[in-house]
Amino acid sequence: MKLRNWIVLLLACCTAATFVGCGNESQTPPAKNPSLSLAVQVETLTEGESNAFVATAVDVDTKLVYEIAKDGGEYKVYKTSAATTVAYRSTEAGSFSVRVKTEDGALVSNVCSFTVVEYGGDTFGKSVNGESPTANVDLSADRGENATLEHKAVNAVTEEYAFVKGFSADSFYFTTDVDIVTNNGGDAHPKTGIFCKAGTTFYYFAFDVKPHMTGDEVVFVNSTASGWGWPGTVFHEAPSFRNGATRVKNTMGMLRKKGTFYLFINAECIGKVEARGLIAASTVGTFTMGQNAIYSDYACHAEGSEAYTAALKKAEEVWG
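Now for a look at the structure at hand. (Residues numbered from 1 in each chain as written. Predicted model: local features only at pLDDT ≥ 70, side-chain atom pairs only at ≥ 80, totals over all residues. Heavy atoms only, no water.)

## Let's talk about helix 2 (residues 306-319)
Step number 1: Spanning 14 residues, helix 2 covers 20 Å between terminal C-alpha atoms, matching the ideal 20 Å at 1.5 Å per step.
Step number 2: Taken as a whole, helix 2 has its buried residues at Tyr308, Ala311, Leu312 and Ala315. The buried residues of helix 2 occupy an angular sector of 100° when the element is viewed end-on, so they sit on one face. Projecting away from the buried face of helix 2 at angles above 90 degrees are the exposed residues Glu306, Lys313 and Glu317. (Helix = DSSP H or I, 4+ residues; strand = E, 2+ residues; numbered from the N terminus. Expected span 1.5 Å × (residues − 1). Buried < 20%, exposed > 50% of the residue type's maximum accessible area, 1.4 Å probe, protein only. Arc of directions from axis to C-beta.)

Listed below in structure tokens is the structure:
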């Protein structure tokens, strides 16, 4: 047989069928073995922090459906995506389970768990209205027997707030030690104190010590959407925050009884202020304007508590 004929025969053999090779050996595509698994990046995080769900998908041709269940409840779809890594930002505390499945439901991954802990320290954190402390408030030491809260030093004149977490009432007694460390941003009228907030109205009780840190004034003033109610009510019983070069702590307290405020400096009730029209419950916390201050030995006492009752009795004996 001529060489040309051998070549033609060989080519015919190799192209006889799609998956039939030379020598009639069958060639089949490899079998698929689809699988789906899941991992979480962080197992314990704080409200507001981010997590990531990382899926490993082999031979999966559909989108992935990420599902989350809270505290043993029903799974709810979080996101449907072709991505194998999905970001998740925690917005509430609790224990969570997460899984991923194919869009057609044919494959379901293992279940992963993660925990989101409540934002804040022992005393300060989110208000009942979901408000968080401002950026320059440090809650890291707000734990344990000797807890402290710091409104930090920044090179700017800013208003900083920290809320007693989860607290709201129309009557309370909030007291704290105050250590004014330094002024921030060169404000000529820096202030450090405490506040309560009812609706959109703030009521502030603050040391107005001026930049030299000696005793000048204590003020009680409100702030609404229309602006500050300066000069407010001014008291001249302000103590000094310096003894030479040594910093000195002073104590302040705000007692609210419905629409009446009794104000305390170093355990003495220095005045009474009526807040006309104040009916609603208020949140409570610490406040600075242009100052670095450390708060300690703080407590928020509910109406009827021993501390509230004793402070109210003392105030009413002086001011009625």
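There is more to say after this.
## Examining the pattern of salt bridges
Step number 1: Inspection of the entire model under this criterion finds 13 salt bridges.
Step number 2: Measuring nitrogen to oxygen at the nearest pair gives 3.1 Å for the salt bridge that ties Lys258 to Asp170. Of this pair, Lys258 sits in the loop between strand 21 (250-257) and strand 22 (260-265) while Asp170 sits in the loop between strand 12 (159-164) and strand 13 (171-183), and the two are 88 residues apart along the sequence.
Step number 3: Overall, Lys258 belongs to the partly exposed group, its relative accessible area being 40%.
Step number 4: Of the charged contacts, one joins Arg247 and Asp179 as a salt bridge, the two residues approaching to 2.9 Å between their closest N and O atoms. Of this pair, Arg247 sits in strand 20 (residues 246-247) while Asp179 sits in strand 13, placing them 68 residues apart in sequence.
Step number 5: When salt bridges with common partners are traced through the structure, they connect Glu67, Arg99 and Lys101 into a single cluster. (Salt bridge = Lys/Arg side-chain N within 4 Å of Asp/Glu carboxyl O.)

## Remarks on the nonpolar core
Step number 1: Core analysis: the biggest nonpolar cluster contains 39 residues, and Phe205, Phe207, Phe220, Met254, Phe261 and Leu263 have the highest contact counts within it.
Step number 2: Considering each element in turn, this core owes the most residues, 4 residues, to strand 13.
Step number 3: Setting aside residues no more than four positions away along its own chain, Phe205 makes contact with Gly193, Ile194, Val218, Val219, Phe220, Met252, Gly253, Met254, Leu263, Phe264, Ile265 and Ile270.
Step number 4: Grouped together as the second largest cluster of nonpolar side chains are 17 residues, Ala55, Leu64, Tyr66 and Ile68 included. (Core = buried A, V, L, I, M, F, W, Y, C linked by side-chain atoms within 4.5 Å. Contact = heavy atoms within 4.5 Å.)

## Notes on the side chain of Asp179
Step number 1: We classify Asp179 as buried; its relative accessible area is 9%.
Step number 2: For Asp179, the side chain forms a polar contact with the side chain of Arg247, separated by 2.9 Å.
Step number 3: Those residues in contact with Asp179 that sit more than four places away from it in its chain are Arg247, Lys249, Asn292, Ala293 and Ile294. (Polar contact = N/O pair within 3.5 Å; in protein donor to acceptor, adjacent residues only side chain to side chain.)

## Some words on the sheet that holds strand 6 (residues 85-89)
Step number 1: Strands sit in the order 1-3-6 across an open sheet of 3 strands; the sheet is antiparallel. A strand with exactly one partner marks an edge of an open sheet, and here the two such strands are strand 1 (35-40) and strand 6. The mean inter-strand angle of the sheet, taken between neighbouring strand axes irrespective of direction, is 20°.
Step number 2: With 5 bridges connecting them, strand 3 (residues 50-58) and strand 6 associate as antiparallel partners. Bridge pairing links Ser50 to Arg89 in strand 6. (Pairing = 2+ DSSP bridges. Axes fitted to C-alpha atoms, helices over the stretch in contact; angles between N-to-C directions.)

## Thoughts on the sheet that holds strand 2 (residues 44-46)
Step number 1: Strand order in the open sheet made by the 5 strands is 2-8-7-4-5, with mixed pairing throughout. Unpaired on one side and paired on the other, strand 2 and strand 5 (76-81) mark the two borders of the sheet. Sheet twist, expressed as the average angle between the axes of neighbouring strands with direction ignored, equals 30°.
Step number 2: Alignment of strand 4 (residues 64-70) against strand 5, held across 5 bridges, turns out to be antiparallel. Each residue of the ladder has a partner; that of Glu67, found in strand 5, is Val77.

## Let's talk about the environment of Ala147
Step number 1: Inspection of the secondary structure assignment puts Ala147 in the loop between strand 10 (137-138) and strand 11 (148-151).
Step number 2: As for Ala147 and Asp297, which are separated by 150 residues in sequence, their C-alpha atoms are 7.1 Å apart.
Step number 3: When near neighbours in sequence (up to four residues on either side) are disregarded, Ala147 contacts Ala141, Asp142, Tyr295, Ser296, Asp297 and Tyr298.

## Here we look at unusual backbone geometry
Apart from glycine, the bulk of residues carry a negative phi angle, and the bulk of peptide bonds sit in the trans form.
Step number 1: The omega torsion across Trp230 and Pro231 is 5°, close enough to zero to call that bond cis.
Step number 2: Summarising the element assignment, Pro231 is placed in the loop between strand 17 (227-228) and strand 18 (233-235).
Step number 3: You will see that Asp71, though not glycine, has its phi angle at about 50°, which is positive.
Step number 4: As for its position among the elements, Asp71 is in the loop between strand 4 and strand 5.
Step number 5: One non-glycine residue, Asp297, lies in the positive phi region at around 50°.

Treat this as a map of the structure, not an account of what it does.
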